[in-house]
Amino acid sequence: MSSEAPVSDAETFLRELLTRTAEAHGRYERDELGSVYDENWPQWYAAYMAAALAADGYAITRSIS
């Protein structure tokens, strides 16, 4: 997928990003937190997803109609 144009299949794109994020967070909980539930998971997910999008050249923008 190109980062220059809108994502044509946003649902698939987001599902794949969430799946990657969930897998990474599972490793984080296991390796960094000793398998303790992360009550701050929303913040972790947001930071991870923002970094993953930026690394892939994506930016979240708001279009003004």
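Residues numbered from 1 in each chain as written. Predicted model: local features only at pLDDT ≥ 70, side-chain atom pairs only at ≥ 80, totals over all residues. Heavy atoms only, no water.

K.L.:
When you look at the overall build of the chain in this model, what are you seeing that I'm missing?
P.N.:
Each helix and strand counted, the chain has 2 helices and 0 strands in total. Seen through its C-alpha atoms, the chain measures out along the principal axes to roughly 45 × 20 × 20 Å. Taking all 65 residues of the chain together, 22% fall into the buried category. Taking the contacts inside the chain whose residues are at least 6 apart along the sequence as the reference set, 53% of them involve residues at least 24 apart. Taking the average location of the 5 positive side-chain charges in the chain and that of its 11 negative ones, the two points are 3 Å from each other. (Helix = DSSP H or I, 4+ residues; strand = E, 2+ residues; numbered from the N terminus. Buried < 20%, exposed > 50% of the residue type's maximum accessible area, 1.4 Å probe, protein only. Contact = heavy atoms within 4.5 Å. Lys, Arg positive; Asp, Glu negative; His and termini not counted. Charge placed at Lys NZ, Arg CZ, Asp CG, Glu CD.)

K.L.:
Explain the pattern of salt bridges here, please?
P.N.:
Summed over all chains, the structure comprises 3 salt bridges. A salt bridge links Arg30 to Asp31; the shortest N-O distance between them is 2.7 Å. (Salt bridge = Lys/Arg side-chain N within 4 Å of Asp/Glu carboxyl O.)

K.L.:
Help me out: how do you make sense of the packing of aromatic side chains in this one?
P.N.:
Any pair of aromatic rings gets described here by the distance separating the centres and the angle formed by the planes. According to the stated counting rule, one finds 5 aromatic pairs in the structure shown. Judged by centre distance (6.3 Å) and plane angle (65 degrees), the rings of Trp44 and Tyr45 are edge-to-face. What links up through ring pairs into an aromatic cluster is the set Tyr28, Trp41, Trp44, Tyr45 and Tyr48. (Phe/Tyr/Trp six-rings, centres within 6.5 Å; stacked < 30°, edge-to-face > 60°.)

K.L.:
What's the story with helix H2 (residues 41-55) in this structure? I'm lost.
P.N.:
Turn by turn, an α-helix covers 3.6 residues, leaving residues three or four places apart pointing in a common direction. Helix length check: H2, at 15 residues, gives a terminal C-alpha distance of 21 Å against a target of 21 Å (1.5 Å per residue), a fit within 8%. Looking at the buried residues of H2, the elements they touch are helix H1 (10-32). (Expected span 1.5 Å × (residues − 1).)

K.L.:
Mind showing me how you'd approach the side chain of Thr21 here?
P.N.:
Along the chain, the position of Thr21 falls in helix H1. Note on Thr21: relative accessible area 0%, which makes it buried. In this structure the side chain of Thr21 is engaged in a polar contact, spanning 2.8 Å, whose partner is the backbone oxygen of Leu17. Contact partners of Thr21, with chain neighbours within four places excluded, come to Trp44, Tyr45, Tyr48 and Met49. (Polar contact = N/O pair within 3.5 Å; in protein donor to acceptor, adjacent residues only side chain to side chain.)

K.L.:
Explain the side chain of His25 to me, please; I cannot follow it from the model alone.
P.N.:
Turning to its location among the elements, His25 is positioned in helix H1. Of note is the side chain of His25, whose polar atom sits 2.9 Å from the side chain of Asp38. The residues contacting His25, other than those within four sequence positions of it, are Asp38, Trp41, Trp44 and Tyr45.

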